[in-house]
Amino acid sequence: MQHLRRWGIAGRLRDRAPLSPAWSQDAVFCTSLAGRELSRFTGVLGLAPDGDRFPELGQQAPRYVLEELLRDVVRELPACQLATGFTVTGAGQDEGGVRVTVAGRDGRTAVVAADYLVGCDGPRSVVRDLIGAAYTGEAALRPNFGMVFTAPELWRHVRHGPAVHYWIINPAAPALMGPIDLDGTWWLIAFGVDAETGGREAVRLIDAAAGVPSGAVVRSTDPWTARMQIADRLRRGRVFLAGDAAHLNPPFGGHGLNTGLGDAVDLGWKLAATLDGWGGPALLDSYQLERRPIQERVIREATANMAVTSPELLANNLDADGADGERARRAAGERIQQAKRPEFHSLELVLGIRIEDSPVIAREPEAEARLEAQRGARPGALLPHAWLGPGRSLYDELGAGFTLLACRPGAGRGTIAGAARARGVPLRVLDLPDQGPDRRGPALALVRPDHYLAWAGDREPGDGLALIDRVRGARAS
């Protein structure tokens, strides 16, 4: 949502989304929708404010709603042409560019020439195969059966109030389910159910998860198995991979879309800088170096989340009356709170990532040690968010290129600004309000277009050109 805010379309997604963040920020664990509640988490998945940490609340929305919005936005951009209904069948590259062969629905083919190619074409990526890259990793053993269904009367039977989703803990249908809208459209994932069984018993599974006859009508099904895989390379020459074409992780925690958009944002500004003439060769080289550790961490975290799902939480007497039932539910609730909290409160995996090894991040060991002791922003980390006034986010003031933040009165900026002009690097200088002597962090901070800190210090560098060359990728170290 921070990216969508930067692009000016966060409000448009909220207008289209069937459910607002105000509707619910809870994840509920229960024996069924009509059964016993075992535990719940509140303020999950960035749907509730966390002080000043971010300017945009999370937003739950069906994937097709976001995709339709992004297609509309692309159509509005003069530089873009959205071409649907084509299949990539081949690609080649040389020192001068790339050529992509596409086939239309009518069978005719065409060749598209470009400077670069980014394969965002998912798990069955043609582009990944074309550059000789391959997934490494493994797949889970347990099958899962997803479905979308309508049951307009089901809300009348939900005992637990609104929730983002409900974890169903019962042996007849260990599942995860949630509403798509308030008109009776739901999604459900039945754990340990293969395509044949799910297709035959879809309504029985829904009724068991609901705890009552649901009157459900199944609208679509999606058998799937979780995969924990990453491409062995993200680039060959002028061709790159991003999103699911580059990595796959279990969906638990909802990190797949965030990670894929993170890939695109990282690569996007670097391609723009290269095409505009001010980006050096190390800038594109830094894409895999920066994103691979993040992708690997997301896969590890999502895999850990998958280790405890509904089947692992099954226990006797969860629906029982009396002391036995109370003890069973109390024990289940304690296990749920211990095992699942990282899944629902995982902002560190989204906003707390730090790029540790990159040729285009400039670090000064002495300044780094002081910033770490002060818990201030450090190079390689996301710029900490702050409100500059009612509804006015620091992020809203950053430039389309680099931004130099002058965080203390009298902090010099001429050396860096002059070096940026000399190298043709777009730079905005932004003076921040003085927050007194207790303000943590550096006097100067150089922020990249993706809002990560490229450099920070208490005084201007002695060699501004060297700094600018480093962060624009003209120097490898």
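Presented here is an overview of the structure given in this document. As the structure is a prediction and not an experimental result, all values here were calculated from the model.

A look at the packing of aromatic side chains
Item 1. Tallied over the full model, the rule gives 14 aromatic pairs.
Item 2. Measuring from ring centre to ring centre gives 5.4 Å for Phe29 and Trp167, while their planes differ by 5°; the resulting arrangement is stacked. Separated by 138 residues along the polypeptide, Phe29 in strand E1 (residues 26–30) and Trp167 in strand E9 (residues 165–168) bring together distant segments of the chain.
Item 3. Classification of Phe29 by relative accessible area gives buried; the value is 0%.
Item 4. Of the residues examined, Trp167 reaches a relative accessible area of 0% and is grouped as buried.
Item 5. Judged by centre distance (6.0 Å) and plane angle (75°), the rings of Phe240 and Tyr287 are edge-to-face. Of this pair, Phe240 sits in strand E15 (residues 239–241) while Tyr287 sits in helix H7 (residues 281–306), placing them 47 residues apart in sequence.
Item 6. The buried category is assigned to Phe240, whose relative accessible area is 0%.
Item 7. Feature note: the residues Phe29, Phe41, Trp167, Phe191, Phe252 and Phe344 constitute an aromatic cluster, connected by ring pairs.

Concerning the sheet that holds E1
Item 1. Pairing is mixed across the open sheet formed by seven strands, whose spatial order is E2-E1-E9-E10-E11-E8-E12. At either margin of the open sheet sits one strand with a lone partner, and together these are strand E2 (37–42) and strand E12 (217–224). Neighbour to neighbour, the strand axes of the sheet diverge by 15° on average, direction disregarded.
Item 2. Sheet analysis places E9 next to strand E10 (residues 175–179), joined by three bridges and oriented antiparallel. Paired with Trp167 across the two strands is Leu176, which belongs to E10.
Item 3. The sheet strands contacting helix H5 (residues 195–210) are strand E8 (144–150), E9, E10, strand E11 (185–191) and E12, and the helix crosses E8 at an angle near 55°.

Describing helix H6 (residues 255–276)
Item 1. Its 22 residues give H6 an end-to-end C-alpha distance of 32 Å, which sits within 8% of 32 Å, the value for a rise of 1.5 Å per residue.
Item 2. All of the buried residues along H6 are His255, Thr259, Gly260, Gly262, Asp263, Val265, Asp266, Leu267, Trp269, Lys270, Leu271 and Ala273.
Item 3. Downstream of H6 by a residue or two, Gly277 has a phi angle that is positive, lying close to 95°.

Points about the packing of H6 against H7
Item 1. Direction vectors running N to C along H6 and H7 enclose 175°, while the axes themselves pass 10 Å from each other. If you check the angle between H6 and H7, you find them roughly antiparallel. Seen from H6, the contacting residues are His255, Thr259, Gly262, Asp263, Asp266, Leu267, Trp269, Lys270, Leu271, Ala273 and Thr274; seen from H7, they are Leu283, Leu284, Ser286, Tyr287, Glu290, Arg291, Gln295, Val298 and Asn305.

Rules used in this analysis
Residues numbered from 1 in each chain as written. Predicted model: local features only at pLDDT ≥ 70, side-chain atom pairs only at ≥ 80, totals over all residues. Heavy atoms only, no water. Phe/Tyr/Trp six-rings, centres within 6.5 Å; stacked < 30°, edge-to-face > 60°. Helix = DSSP H or I, 4+ residues; strand = E, 2+ residues; numbered from the N terminus. Buried < 20%, exposed > 50% of the residue type's maximum accessible area, 1.4 Å probe, protein only. Pairing = 2+ DSSP bridges. Axes fitted to C-alpha atoms, helices over the stretch in contact; angles between N-to-C directions. Contact = heavy atoms within 4.5 Å. Expected span 1.5 Å × (residues − 1). Parallel < 35°, antiparallel > 145°, perpendicular 65-115°, else oblique.

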